[in-house]
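What the coordinates show
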Amino acid sequence: MLETAVRQVRVAIAMITGRPLSVRNVRRLVDDALATLDEFGEPGADVDQLVDGPFADPDDRLDLQTRAIQRTARRLADRSVFYRERFERAGVDPGELTPATMPRVPVTVKADLVSRQRDFLCGRPQIITQTTGTTGRPGQVWLSRYEVELWPALIALSMLLRGEVRPGDCMQINISSRATAAVQEDIDMLRLANASSRVVGQVPPDESLDHLLDPGAGRPTILNGYPSYIGELVTAARRRGLSPADFDLRALYVGGEVFSPALAEASRATFGVERINDTYGVTELLPVGGRTCGQRHLHLDPNMGFAEVLALGTGEPAAPGELGTLAVTPYFPYRECMPVFRYDTRDVVRALPDELDCELAAVPAVSEILGKESRLLRACSGVHTPREVVEVLDGLPGAEWPVRHRTEVRDGRVHVTVASGRLRERDVVDALAARGVAATAEVVDLDPRAARRLCPLRCDLREKTFVREAS
């Protein structure tokens with residue numbers, strides 16, 4: 001249709017030139033996609049080009065990235081007290097920055113955002129959201145009305161075109177209500193896609209299972225939650241003798257923690273889901289996000305932001321195969337109210353070569369998230385990541401998810417304390433050794449409250465959030 005083509009061109013021009021996108025125009029494209037799906041059953045190749053956008057072409061990417069970085073930096077220098085000072089102290093001209101010269105600007109960290117919140121503001125605030133606080137004091141982030149309306153429309157369009165959400169779907173949302181922006185984003189995205197939502201939150205696992213099984217309001221077809229909470233649901237479902245025939249789920253969305261292959265397989269076997277989307281999203285970086293391909297690379301959306309891997313210890317760009325922390329700069333016009341520049345998430349990844357052969361090879365990628373930098377294990381056998389330990393423990397015979405554990409380095413060796421009444425220390429040590437981790441282990445049988453103290457997980461964010469338990 002001519003109208004659809006015109007709307008596509010307008011969005012593409014806005015993406016290239018950096019002008020604010022028309023929310024109304026993006027919503028009409030969502031309606032166009034719905035109409036096409038209703039008539040033909042698939043979105044069509046011409047509409048699908050909007051998913052990856054102009055930044056997916058490697059020949060054009062450098063020029064487009066440079067212009068997006070400069071446009072974003074100039075706006076920050078003009079409107080943000082924090083970044084005006086930062087650019088001046090670094091002796092940087094925002095209009096001359098390139099991907100190669102980005103390291104001249106010091107990274108922004110969560111402590112900056114917490115201590116100088118108002119100095120980041122660049123627009124008119126509409127609502128406030130915050131981080132979950134599982135790794136420290138929560139950070140608060142203000143969003144504008146434009147952002148609140150634009151992001152769900154862009155996500156709805158993308159997910160419809162990829163077949164990740166369908167008209168008539170019902171998503172059960174089991175993420176913390178503290179994540180206001182993420183919950184509201186999901187609700188609005190589903191509404192635009194002619195799907196529905198059921199916001200359950202972080203309630204006891206059996207309550208969530210009852211919602212999944214309740215036919216009264218239509219059973220959910222998509223489940224959205226943190227890996228540790230999904231682990232609780234799998235364990236509870238198996239205890240109740242439930243099987244895929246008891247659920248109507250076709251897709252599972254997880255993010256925010258390490259999601260192991262063993263837990264993924266258990267989720268498929270328990271819930272019968274066809275698709276598992278292991279996604280990456282950080283409140284401070286919205287709407288920039290990432291998705292995991294079949295080869296377990298994390299592909300970050302190049303249209304909405306610029307991603308860097310900063311080598312541990314030096315902060316210089318990491319070479320392929322090297323460990324580093326992930327730093328991201330969301331672009332204007334996707335982020336306008338409280339943007340960040342070179343935000344170091346402290347999430348550890350491994351840098352990957354530019355040339356990949358996975359199904360998402362056109363989109364830049366890093367490894368899966370390997371854990372927080374503060375939780376790396378620097379032992380005589382090398383630097384080991386939280387993901388290595390989680391994947392080993394989750395894959396042990398007799399494991400019940402989530403496997404509660406604490407790791408530390410003692411006398412140069414990794415020591416793992418595991419809360420379990422079923423696992424054996426020898427099995428833990430041998431399985432870690434098979435992954436190249438020289439370790440000692442202690443398996444302790446603890447009550448649930450004591451087990452939670454070993455290492456807080458996102459599943460512990462009940463609707464009262466983290467509180468001190470009565471002794």
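Up top you'll find the structure we're talking about.
Below, the structure is looked at part by part.

Rules of the game
- Residues numbered from 1 in each chain as written.
- Predicted model: local features only at pLDDT ≥ 70, side-chain atom pairs only at ≥ 80, totals over all residues.
- Heavy atoms only, no water.
- Salt bridge = Lys/Arg side-chain N within 4 Å of Asp/Glu carboxyl O.
- Buried < 20%, exposed > 50% of the residue type's maximum accessible area, 1.4 Å probe, protein only.
- Helix = DSSP H or I, 4+ residues; strand = E, 2+ residues; numbered from the N terminus.
- Arc of directions from axis to C-beta.
- Contact = heavy atoms within 4.5 Å.
- Pairing = 2+ DSSP bridges.
- Axes fitted to C-alpha atoms, helices over the stretch in contact; angles between N-to-C directions.
- 1 Å grid on protein atoms, 1.4 Å probe; cavity = no way out; pocket = protein on both sides within 12 Å on 5 of 7 lines; lining within 4 Å.
- Points joined across faces, edges and corners; volume = space filled by probe spheres on them.
- Nonpolar A, V, L, I, M, F, W, Y, C, P; charged D, E, K, R; others polar.
- Parallel < 35°, antiparallel > 145°, perpendicular 65-115°, else oblique.
- Phe/Tyr/Trp six-rings, centres within 6.5 Å; stacked < 30°, edge-to-face > 60°.

Right, let's talk about the pattern of salt bridges for a bit. Tallying each qualifying case throughout the model produces 25 salt bridges. Arg 346 serves as the salt-bridge partner of Asp 344, at 2.7 Å between the closest nitrogen and oxygen. Taking relative accessible area as the criterion, Asp 344 reaches 5% and is therefore assigned buried. Close ionic contact of Glu 391 with Arg 435 constitutes a salt bridge, the shortest N to O distance being 3.1 Å. Residue Glu 391 is found in helix H12 (residues 386-394), and its partner Arg 435 is found in the loop between helix H13 (425-434) and strand E19 (439-444); the two are separated by 44 residues along the sequence. Residue Arg 435 is classed as partly exposed on the basis of its relative accessible area of 37%. Through salt bridges that share partners, Arg 296, Glu 368, Arg 387, Glu 391 and Arg 435 make up one connected network.

This part takes up helix H5 (residues 81-90). Because each turn of an α-helix spans 3.6 residues, side chains separated by three or four positions end up pointing in the same direction. Regarding H5, the residues found buried are Phe 82, Tyr 83, Arg 86 and Phe 87. Each buried residue of H5 lies within a common arc of 120° when the element is viewed along its axis, so the set occupies one face. Those residues of H5 that are exposed and aimed more than 90 degrees away from the buried face are Glu 88 and Arg 89. Close packing links the buried residues of H5 with helix H4 (58-79) and helix H6 (110-115). Backbone geometry just downstream of H5 places Gly 91 in the positive-phi region, at approximately 65°.

Here we take up the sheet that holds E19. Across the sheet, which stays open at both edges, the 3 strands sit in the order E17-E18-E19 with mixed pairing between neighbours. Every interior strand has two partners, whereas the edge strands, strand E17 (404-410) and E19, have only one. Recorded for the sheet is a direction-independent mean angle of 20° between the axes of neighbouring strands. Two elements, E17 and strand E18 (residues 413-419), share 7 bridges in a ladder whose sense is antiparallel. Bridge assignment links Arg 404 to a residue of E18, and that residue is Ala 419. Sheet contacts for H12: E17 and E18; angle to E17, the most-contacted strand, approximately 135°.

Moving on: the environment of Asp 427. One can find Asp 427 in helix H13. On the accessibility criterion, Asp 427 (32% relative accessible area) is partly exposed. C-alpha of Asp 427 to C-alpha of Leu 393: the two residues are 34 residues apart in sequence and 9.5 Å apart in space.

A probe as big as a water molecule, rolled over the atoms, marks out the empty space that is left. Counting across every chain of the model gives 2 cavities of 30 Å³ or more. Contributions of two or more residues to the lining of the largest cavity are made by helix H7 (145-162) and helix H8 (180-192). Ranked by residue count, the leading element in the lining of the largest cavity is H7, at 4 residues. Its volume calculated, the second largest cavity comes out at about 30 Å³. Looking at the second largest cavity, the residues that line it are Val 403, Arg 404, His 405, Ala 451, Leu 454, Cys 455 and Leu 457. Of all elements in the fold, only E17 and helix H14 (448-454) reach the threshold of two or more residues within the lining of the second largest cavity. Split into classes, the residues belonging to the lining of the second largest cavity amount to 5 nonpolar, 1 polar and 1 charged.

The next thing to look at is the packing of H4 against H5. Between two packed helices, both the angle of their axes relative to each other and the distance between the axes serve to describe the pair. Between H4 and H5, the shortest axis-to-axis distance is 6 Å and the interhelical angle comes to 110°. As the angle between them shows, H4 and H5 are arranged roughly perpendicular. Taking contact as the criterion, the partners of Ala 73, Leu 76, Ala 77, Asp 78 and Arg 79 in H4 are, on H5, Val 81, Tyr 83, Arg 84 and Phe 87. When the residues that make up the contact of H4 with H5 are grouped by side-chain class, the tally is 6 nonpolar, no polar and 3 charged.

Bringing the packing of aromatic side chains into the picture now. Per the counting criterion, the structure on display carries 7 aromatic pairs. Among the aromatic side chains, those forming a connected cluster through ring pairs are Phe 82, Tyr 83, Phe 87, Phe 120 and Phe 341.

Turning our attention to the pairing of strand E8 (residues 289-292). One ladder, built from 3 bridges, connects strand E7 (residues 275-281) with E8; its direction is antiparallel. Opposite Tyr 280, over in E8, you have Gly 290 as the bridge partner. Looking at chain direction, E8 and strand E9 (residues 297-300) are connected through 3 bridges and run antiparallel. Residue pairing across strands places Thr 292 opposite Leu 298, the latter belonging to E9. A loop of 4 residues connects E8 with E9, the two strands running antiparallel in sequence, and Arg 296 in this loop sits at a positive phi of about 65°.

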